[in-house]
Structures are given as structure tokens and as C-alpha cells.
Amino acid sequence: RHSSLVMYAAVVGRTVPTAAVRRGALNSRTALRTHRAPIRAVVSSAEAEMKTVPLHVGFVGTGLIGKATLKQVGAHAPSLLATGGLDLRIAACADSKHMILASSADGMNPDAVDAAVGDRAVAEWDAGALAAETPVAADLDALVAKIVAFARADPDGNGTAVIVDNTSSDAVADRYGEWLARGVHVVTPNKKANSGDLARFRRFRTAADESGAKWLYEGTIGAGLPVVSTLRTLRASGDRVRSVQGIFSGTMSFLFNTWDPGAGQPFSDVVLAAKKAGYTEPDPRDDLNGLDVARKVVIAARESGVDLALDDVDVQSLVPAELEDCDVAEYERRLPEYDGAIAEQAAAAAAAGKVLRFVGKVDAEKGTGNVELAEFDASHPFAGLQGADNILEISTARYSDEMSSTPLIIRGPGAGAQVTAGGVFGDLCKLGAVLGARVPV
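Now for a quick tour of the structure. (Residues numbered from 1 in each chain as written. Predicted model: local features only at pLDDT ≥ 70, side-chain atom pairs only at ≥ 80, totals over all residues. Heavy atoms only, no water.)

A large share of strand S5 (residues 160–165) lies buried, amounting to six of its six residues. Neither face of S5 is exposed, since Thr 160, Val 162 and Val 164 on one face and Ala 161, Ile 163 and Asp 165 on the opposite face are all buried. Here six bridges tie strand S1 (residues 53–60) to S5, and the two strands are oriented parallel to one another. Among the inter-strand pairings, Val 57 is bridged to a residue of S5, identified as Val 162. (Buried < 20%, exposed > 50% of the residue type's maximum accessible area, 1.4 Å probe, protein only. Helix = DSSP H or I, 4+ residues; strand = E, 2+ residues; numbered from the N terminus. Pairing = 2+ DSSP bridges.)

Attention now moves to the packing of aromatic side chains. On inspection of all chains with the given rule, the structure shows 11 aromatic pairs. Between Tyr 176 and Phe 204, the aromatic rings sit 6.1 Å apart at their centres with planes inclined by 50 degrees, giving tilted as the arrangement. Residue Tyr 176 is located in helix H10 (residues 176–181), and its partner Phe 204 is located in helix H12 (residues 198–211); the two are separated by 28 residues in the primary sequence. On the basis of relative accessible area, Tyr 176 is assigned to the buried category, the value being 0%. The exposure class of Phe 204 is buried, given its relative accessible area of 4%. With centroids separated by 5.7 Å and ring planes inclined at 55 degrees, the aromatic side chains of Phe 201 and Trp 215 adopt a geometry described as tilted. In this pair, Phe 201 is assigned in helix H12 and Trp 215 in strand S7 (residues 215–216), connecting sequence segments 14 residues apart. For Trp 215, a relative accessible area of 6% gives the class buried. Aromatic rings pair up to connect Tyr 176, Trp 179, Phe 201, Phe 204, Trp 215 and Tyr 217 into one cluster. In this structure, Arg 232 is placed above the aromatic ring of Tyr 217, and the distance from its NZ or CZ to the ring centre is 4.9 Å. Taking the ring centre of Phe 201 as reference, the NZ or CZ of Arg 302 above it sits at 4.7 Å. (Phe/Tyr/Trp six-rings, centres within 6.5 Å; stacked < 30°, edge-to-face > 60°. Lys NZ or Arg CZ within 6 Å of the ring centre and 35° of its normal.)

In terms of nonpolar packing, the biggest core is built from 114 residues, with Leu 255 and Phe 256 touching the most fellow members. Residues contacting Leu 255, with those up to four places away along its chain left out, are Phe 267, Val 270, Val 271, Ala 274 and Leu 288. If you look at the next biggest cluster of nonpolar residues, it comprises seven residues, including Ile 247, Phe 376, Phe 382 and Ile 391. (Core = buried A, V, L, I, M, F, W, Y, C linked by side-chain atoms within 4.5 Å. Contact = heavy atoms within 4.5 Å.)

Quick look at the sheet that holds strand S9 (residues 314–315) now. Sheet strands pair via backbone hydrogen bonds, and the direction of the pair is either parallel or antiparallel. Within the open sheet, the six strands sit side by side as S9-S11-S10-S8-S12-S13. Their pairing is mixed. The open sheet terminates on both sides in strands that have one partner only, identified here as S9 and strand S13 (408–413). As judged from the six bridges shared by strand S8 (residues 241–247) and strand S12 (residues 389–396), these two strands associate in the antiparallel manner. Bridging from a neighbouring strand, Val 244 pairs with Ile 394 of S12. Sheet contacts for helix H13 (residues 228–236): S8, S12 and S13; angle to S12, the most-contacted strand, approximately 10 degrees. Helix H19 (residues 339–351) rests against strand S10 (354–363) and strand S11 (368–377) of the sheet, and its axis sits at about 95 degrees to S10. (Axes fitted to C-alpha atoms, helices over the stretch in contact; angles between N-to-C directions.)

This part covers the environment of Asn 289. Within the element layout of this structure, Asn 289 appears in the loop between helix H16 (285–288) and helix H17 (291–303). When its relative accessible area of 27% is taken as the criterion, Asn 289 is described as partly exposed. Considered as a pair, Asn 289 and Val 319 are 30 residues apart in the sequence and their alpha carbons are 5.7 Å apart. Looking at Asn 289, its side chain comes within polar contact range of the main-chain nitrogen of Leu 291, at 2.9 Å. (Polar contact = N/O pair within 3.5 Å; in protein donor to acceptor, adjacent residues only side chain to side chain.)

Below, the discussion takes up the side chain of Thr 188. Inspection of the secondary structure puts Thr 188 in the loop between strand S6 (185–187) and helix H11 (192–195). On the basis of relative accessible area, Thr 188 is assigned to the buried category, the value being 1%. A polar atom in the side chain of Thr 188 sits 2.6 Å from the backbone oxygen of Asp 165. Apart from the residues lying within four places of it in its own chain, the contact partners of Thr 188 are Asp 165, Tyr 176, Trp 215, Leu 216, Tyr 217, Glu 218, Gly 219 and Thr 220.

Another point: the pairing of S8. Counting buried residues along S8, six of its seven residues qualify, which places the element largely inside the surrounding structure. When S8 meets S10, the two strands line up antiparallel, connected through four bridges. The residue bridging Gln 245 from the neighbouring strand is Lys 361, located in S10.

For Thr 62, the position within the fold is in the loop between S1 and helix H5 (64–84). Taking relative accessible area as the criterion, Thr 62 reaches 8% and is therefore assigned buried. Ignoring anything within four residues of it in the chain, the contact list for Thr 62 reads Lys 67, Ala 94, Asp 95, Val 122 and Trp 125.

Moving on, we get to the pattern of salt bridges. Two side chains bearing opposite charge may form a pair once their charged atoms approach each other closely. Summed over all chains, the structure comprises 22 salt bridges. Residues Asp 141 and Arg 175 are paired through a salt bridge, measuring 2.3 Å at the closest nitrogen-oxygen approach. Taken together, the residues span a long stretch of sequence, with Asp 141 in helix H8 (residues 140–152) and Arg 175 in the loop between helix H9 (170–173) and H10 at a distance of 34 residues. Judged by its relative accessible area of 47%, Asp 141 is partly exposed. Across the pair Asp 292 and Lys 191 runs a salt bridge, and its minimum N-O distance is 3.4 Å. (Salt bridge = Lys/Arg side-chain N within 4 Å of Asp/Glu carboxyl O.)

See the structure below:
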């Protein structure tokens, strides 16, 4: 790869940053430390002075989303370094039992990630191929200390420590405050912190403001859809969010997009088929109770300027009260007993030319949030959704009838490891851009 970078520079007449050559070497970590002489070419002074921004990243959580994120970073980190100076270094990774640390501040070998990680637990990763130490018992304190030490050892003083939390753990989320206070940036799709206790959320925001660290969480609503960033941009540019409503759950989207009550299909059949196909949680009640949607409503509300707590959200659960506390097997066996009530709702909606959709709503002007099974005209964007897509409708002072504008619509896949990982990776790129890398975000 070193030679290919030299050839590329000669052809296009530009400088490949020293770090790009160092990180691009394939065959030895020694090469990473010795190929430091810049390649000379005729370039503009701006290109010649391109800043290198090393991010020493600790990845916590290596499930489906965690591995997808790690592999995306491994695949694209070299090009980000070569073209924009963003030096993403895989400094550490941890699952619930073990962690693996890079052998040096150069980070793990990005080219080896796919094969060395595979679908295995951290304890079984190929440490030699990764240029990493032998996996040991997971210790978040030690992991953070290591990435901070790597960042502080950066010879140019540009090193930065970042934690990527790809878990859904509240215990991990509870650590954000101390990490942010230390200047460690946090990137995550974990909804627990930014939808949980309001006082804790404010503490974390204050810690970030005071230290200058960034807490980025685009992936907490709509996987990789640009929801959080859009709401922030609207408000930063002087717009006022009036309401946000949407189909926030891929599971609930799939259920109501595929259910055919007009043909007499029982709703319970759709639920059980969705579980079998992997669209629901192992216990479908975790989707049907509306709590996941309520968390996203809270996040949307807070990003719209409303200090909403989870307990403030009025939630209409689709789990019959009599089936809330039984085991999963009994719930699935008895669910058909309750098909009649929701079928009646669907029939009444159809008679009025409407459809049923499970939505979350934020009324920013009233400061309220709710989750409900609501009726929408057959011509409404929510009615035409397909598969497990998410869709959000944002009404603002600008996107309003008064301004002769329709609401702002954001639509796309709201679940899936690759798109969620893409949202997380995108936040890493945004962080790099904020810190001076030439990443077009």
C-alpha cells in the first residue's frame, strides 16, 4: 500500500501526508513508524499544510452494530487519512467479558480488522494480525486510561481520545459524564443517556460544555437517518420547531405496513410472523409496549428545545393489560384473543378512508410528547410507508403553512446494523471535521 500511495501521488501531483504513508503500510508495524518522510509533489500550500487529526478510539460493545462499525472504520480509515487527514486509530475494543488493546499508539492494523474479528467474541480475535495485545478481562477504567495515554503521547499534540459506545447498557451510559468531564469525546447510538433521567442528561451536557468534549448520538433516532443533526441545524439557524411526529420504530412500521385487516388477517398473525422473521425483540411486548418509541420521542423533544422526561410521555401500549406480566409463551398463545378490538379500529379507520399507524409525537409549543395508534389519511406520507422504514414529519416556523411550505420529511431505513453503524461512523467523521480534518460533512 505504501508503494501504491507513492504512485498515486506521482500521478495526481499531490502530497500524501506523512501519516498516510505510515498508516498505509501493510506488512509490518515497524513500517508504520519509519515511513515518515513526506512525498514531494507540486501542490498548493493549503494541501501541503493539511492537518492530521489522530482520533484514538475505544470501541465498547462488539455485537452486530459494534462489529459493523469497527469493520466500516477498518475499511475506510486509510482513505480518510490520505484525503482528509482524519487518522482513525482503533486503540481498544471491548465486549462484556474481554477487551483488547492496541500494542502501540499507532492503533490496530485497519486492513486486518475484517478477517481478524469475523463474527467472534473479543477473546477469540487474532491479536497478532491486529497488532494488539492479548485479550484480557474487560475493564472500562483501564480501557479509557489506555486511549487517553495514547492521545497524550501524540508527538504533535493533536491526539484525541474517543469512546464509541455501541451497547444498549445504562451502566455504560452512566459513565459518559466522567468521560466527557475528562475531555473524552463520546459517540453512540445508545439511547439510555439522552432519553433517560433528565437531571443526568443535563449533567452530561454541562460536562461536555465545560470540557469542550463532544457527545454525538445521531444513531439514537432512525439508525443512520439525519434526524438529530437536522433538528440541531434548524434551531441553530434560527428556526423554531413546532412539532415532530413520526413512525420511529422499524418493528412497528413493519407490522402496520404488512398487516391486511381488510382481507381478514388477524393482527396476532402478523406479530408472530414478524417475530419469526427477526423483526421483533425476542419478547414482542418490548416493541408493542411503546417504550422504545417513547425514548425516541424524548430525544426528539430535547433536541427541539423541550426538557421532556420519559415519565412525561403519554404512551398507548398495544400489549393487553392481562398479558403484561405473563411469560412469552403464554403471551403468544393468548394474543389471538385480542385480535377483535384492533380489527374494529382498523375497520373504522378504513371506512373513513384512513389507515392505522403507531406513531410518536412531540408538541414543542405545548411541551408534550405522546405515543399512540393514530389514524392518517390514505394520502398522508405515513400511509405509504413500506417495509420497516421510519418516517418523521417536522413542522417549524419556516416549514409551515404560513411560509407556504409543507413539513420537512425524513424517511428511510430505521433499523439494521449497517445503517446504524453508518450513523455512528458518520458522527466520528463529524468529530474529525470539528477538530480540523478535511472531511466533507
